[in-house]
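Below, each chain spelled out in residue letters.
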Amino acid sequence: MRATVMFGAGDVRIETVPDARLLQPTDAIVAVARAGICGSDLWPYQTMEHSGTGRRMGHEFIGVVKAVGADVRTMKVGDVVIAPFLYSDGTCVFCQEGLHTSCLHGGRYGSDGVDGGKGEAVRVFQADGTLVVLPVGADDAPMPSLLTLSDVMATGHHAALAARVGPGKTAAVVGDGAVGLCGVIAARRLGAERIIILGRHPDRIALAKEFGATDVVSERGDEAIQRVRELTDGLGVHSVLECVGLEQSTRTALSIARPGGAVGRVGLPQEEAIPESLPTFFDNVTIAGGPAPARAYIKELLPDVLDGTIEPGRVFDRVMRLDEVPDGYRAMNEREAIKVLIELKTKERRR
Ligand SMILES: [Zn+2]
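The structure displayed is predicted, hence computed values, not measured ones.

Each donor-metal-donor angle would ideally measure 109.5 degrees in four-coordinate tetrahedral geometry, or 90 or 180 degrees in six-coordinate octahedral geometry. The protein atoms that coordinate the zinc ion are D89 (OD), C92 (SG), C95 (SG) and C103 (SG), at distances of 2.1 to 2.3 Å. Coordination at the zinc ion comes from four donor atoms whose angles at the metal span 92 to 121°, giving a geometry best classed as tetrahedral. Donor residues for the zinc ion, ordered by position in the chain, follow D-x2-C-x2-C-x7-C. Remark: C103 occurs in the loop between α2 (93-96) and β8 (107-108) and C92 occurs in the loop between β7 (86-87) and α2; sequence separation between them is eleven residues.

Now for the packing of aromatic side chains. Within this structure, the stated rule accounts for five aromatic pairs. Ring geometry for F61 versus Y109: centroids 5.3 Å apart, planes at 75°, classification edge-to-face. Of this pair, F61 sits in strand β5 (residues 61-68) while Y109 sits in the loop between β8 and β9 (121-124), and the two are 48 residues apart along the sequence. Assessed through its relative accessible area of 0%, F61 is described here as buried. Look at F281 and F282: their rings are 5.2 Å apart centre to centre, the planes differ by 85°, and that puts the pair in the edge-to-face class. Just as F281 is exposed, F282 falls in that class too. Taken together through their ring pairs, the aromatic side chains of F61, Y87, Y109 and F125 make up a single cluster. We note R13 situated over the ring of F7; from NZ or CZ to the ring centre the distance is 4.0 Å.

Ranked by size, the top nonpolar core spans 53 residues in total, and within it L146, L149 and L241 carry the most contacts. Among residues more than four places away in sequence, those in contact with L241 are G156, A159, A160, A163, V165, A171, A172, V173, V174, G183 and G264. V12, V81, L131 and L344 belong to the second-largest nonpolar core, a separate cluster that totals 34 residues.

What follows covers the packing of helix α5 (residues 152-162) against helix α11 (residues 294-306). Two elements in contact, α5 and α11, have axes separated by 9 Å at closest approach and are oriented at 95°. With respect to their mutual orientation, α5 and α11 come out roughly perpendicular. In this structure, α5 uses M153, A154, H157, H158 and L161 to contact α11, whose residues at the interface are A294, Y297, E300 and L301. Looking at the contact of α5 with α11 residue by residue, the classes come out as six nonpolar, two polar and one charged.

Calculation rules
Residues numbered from 1 in each chain as written. Predicted model: local features only at pLDDT ≥ 70, side-chain atom pairs only at ≥ 80, totals over all residues. Heavy atoms only, no water. Donors = N, O, S within 2.8 Å, 3.2 Å for Na, K, Ca; no water. Tetrahedral: all angles 85-135°; square planar, octahedral: opposite > 155°, others 65-115°. Helix = DSSP H or I, 4+ residues; strand = E, 2+ residues; numbered from the N terminus. Phe/Tyr/Trp six-rings, centres within 6.5 Å; stacked < 30°, edge-to-face > 60°. Buried < 20%, exposed > 50% of the residue type's maximum accessible area, 1.4 Å probe, protein only. Lys NZ or Arg CZ within 6 Å of the ring centre and 35° of its normal. Core = buried A, V, L, I, M, F, W, Y, C linked by side-chain atoms within 4.5 Å. Contact = heavy atoms within 4.5 Å. Axes fitted to C-alpha atoms, helices over the stretch in contact; angles between N-to-C directions. Parallel < 35°, antiparallel > 145°, perpendicular 65-115°, else oblique. Nonpolar A, V, L, I, M, F, W, Y, C, P; charged D, E, K, R; others polar.

Written as structure tokens, this is what we have:
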């Protein structure tokens, strides 16, 4: 089968790899119908050391079940399923607490012999605990929005929960990438009265406004902090969604929270230390967040996607085929595209 392999910074190829096949009775084989290129894929795209064997890529996908192991109970061949960006058993103490990202038997796609999502098929570990059966056909219309539940929409929701967004509150979203845009959707969905988006790309800001952002701050650093304070009577905001992970964006996020406020961090931190330790201490600012337990959120968010209440799939502004994935990385890396959707042909899915 064909799949996406990264060999080093800027070097992504579609290669022929061994077919996905059942190895454990808890496995399922999923023929991929749609996959996403993630902003987090851009970190290795910019920095990965050259590797002769390469690394399989992709952790956002929806597909059709092609085969199931003897112990799989919740799905059958032909079902349309969505995979969260990590696999999990669904039964351990952390999964039972809704924190599937800390599953004792979980892991990630694309490493140590695990298939990646940007290929024709994936052997999915712990199928019952990982995959969610969707009540749709593989070519139904809300597919782009459903695909966001595997990662970016779940992550935006996680940021909003960690930032304790609620009715009547003012929220700020730091970052206008796909996760930040989904953070705007999540903040509105949870009842925020005012949503300030911090970003500077016109196309993304326009989408943020359609998703519910009420104010835009395009400055950076100290100027951005000043601007948010002006917008909030000098107080700062109740809830901050940090959706970037860089030192400056984190510092901004922590500096615009008002006393007693909360910051939900979902941007992968690029620094060891958390800045603004003293001011956030004296202001009783809650600092929370981490990787989103997407598996725990899919069922909650699914009805809103199916009835069109939220349309996170609009963050995909380009559709490509599997063999165009290398160009998709380039387009996202050069900020030519917000997020790229990979559509696999039915013929590819049957292989
Ligand atoms: Zn678990």
